[in-house]
Amino acid sequence: DGGITQSPKYLFRKEGQNVTLSCEQNLNHDAMYWYRQDPGQGLRLIYYSQIVNDFQKGDIAEGYSVSREKKESFPLTVTSAQKNPTAFYLCASSTTGSNYGYTFGSGTRLTVV
Amino acid sequence: AQSVTQPDIHITVSEGASLELRCNYSYGATPYLFWYVQSPGQGLQLLLKYFSGDTLVQGIKGFEAEFKRSQSSFNLRKPSVHWSDAAEYFCAVTHSSNTGKLIFGQGTTLQVKP
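Keep in mind that what you see is a predicted model, and the values were worked out from it rather than measured.

**Thoughts on the overall build of chain B**
No. 1: Counting its regular elements, chain B contains zero helices and 12 strands.
No. 2: Going from the N terminus to the C terminus, chain B shows its helices and strands as β-β-β-β-β-β-β-β-β-β-β-β.
No. 3: At 14 Å, chain B has a C-alpha radius of gyration in line with the 13 Å of a compact globule built from 114 residues.
No. 4: Expressed as lengths along the three principal axes of its C-alpha atoms, the size of chain B is roughly 40 × 30 × 20 Å.
No. 5: For chain B, the residues scored as buried account for 45% of the 114 residues in total.
No. 6: Across chain B, the fraction of contacts at a sequence separation of at least 24, relative to all contacts at a separation of at least 6, is 54%.

Printed below as a string of structure tokens:
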């Protein structure tokens, strides 16, 4: 079955450490996205990529980095510069045209201690 | 700039009662509109979407939504709520099906009383 896989589901890190969240899709979608979700704040866009080797900052990109070396993969690194990294992170992908719409992964909950 | 407002942060309904979740958007041209549902600790699942045509859209799980251009609204409805419908619901909008970047509302949490 096609879909998006995020791993791990739960991640614990010490303050000051960088951490990378994995996102892989086998839907052959061109575009991929990373969102951060905090209680009461909805989904906020961190980074997005519409094509391999290209990506753009979203609304809250500070303290995060991404890469898009393969169509299937869009990993997110939460760096030590991110002031408040504890959150639920969602990855999504989309196609274009009449079938347009996001397909979401099941999320990674990052807790920094 | 595009924006989406879901006026109700939290709604409680009795099982079997009807449901309407409100969504208002701000955008000048014809928007592409979506409703998603999220169970705790999970990703979001698409309930339905509106691109063009019939303004009453049918979705999965017995949900429907109506696009009203004059009111800039896209409210989600269900005639009879089931306990399994308890979740968080998000309305989203974009201006194009080719450039991505959905703008999401803050979400409405639905609680269902037995």
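Further notes follow.
**A closer look at the state of the cysteines**
No. 1: Counting across every chain of the model gives two disulfides over all chains.
No. 2: Between Cys23 of chain A and Cys91 of chain A runs a disulfide, and the two sulfur atoms are separated by 1.9 Å. Across the S-S bond linking Cys23 of chain A and Cys91 of chain A, the dihedral sits near -75°, which makes this disulfide left-handed. Taken together, the residues span a long stretch of sequence, with Cys23 of chain A in strand S3 (residues 19–25) and Cys91 of chain A in strand S9 (residues 87–94) at a distance of 68 residues.
No. 3: Paired through a disulfide, Cys23 of chain B and Cys91 of chain B show a sulfur-sulfur distance of 2.0 Å.

**Quick word on the packing of aromatic side chains**
Residue and element names in this part refer to chain A.
No. 1: Under the counting rule described, the total for this entry stands at 19 aromatic pairs over all chains.
No. 2: Pairing Tyr35 with Phe104 gives two aromatic rings, centres 6.4 Å apart and planes at 50°, and the pair type is tilted. In this pair, Tyr35 sits in strand S4 (residues 31–37) while Phe104 sits in strand S10 (residues 102–104), placing the two residues 69 residues apart along the sequence. This pair shows no difference in class: Tyr35 is buried, exactly as Phe104 is.

**Things to note about the side chain of Gln38 of chain B**
No. 1: Tracing the chain through its elements places Gln38 of chain B in strand S5 (residues 32–38).
No. 2: Overall, Gln38 of chain B belongs to the buried group, its relative accessible area being 6%.
No. 3: For Gln38 of chain B, the side chain forms a polar contact with the side chain of Gln37 of chain A, separated by 2.8 Å.
No. 4: In terms of polar contacts, Gln38 of chain B uses its side chain to reach the backbone carbonyl oxygen of Gln42 of chain B, at 2.7 Å.
No. 5: The residues touching Gln38 of chain B, leaving out its near neighbours within four places in the chain, are Gln37, Phe88 and Leu90 of chain A together with Gly43, Leu44, Ala87, Glu88 and Phe90 of chain B.

The rules behind these values
- Residues numbered from 1 in each chain as written.
- Chains lettered and ligands numbered in written order.
- Predicted model: local features only at pLDDT ≥ 70, side-chain atom pairs only at ≥ 80, totals over all residues.
- Heavy atoms only, no water.
- Helix = DSSP H or I, 4+ residues; strand = E, 2+ residues; numbered from the N terminus.
- Rg over C-alpha atoms; globule rule 2.2 N^0.38 Å.
- Buried < 20%, exposed > 50% of the residue type's maximum accessible area, 1.4 Å probe, protein only.
- Contact = heavy atoms within 4.5 Å.
- Disulfide = S-S within 2.5 Å.
- Phe/Tyr/Trp six-rings, centres within 6.5 Å; stacked < 30°, edge-to-face > 60°.
- Polar contact = N/O pair within 3.5 Å; in protein donor to acceptor, adjacent residues only side chain to side chain.

Remember, this is a structural readout, not a statement about activity or role.
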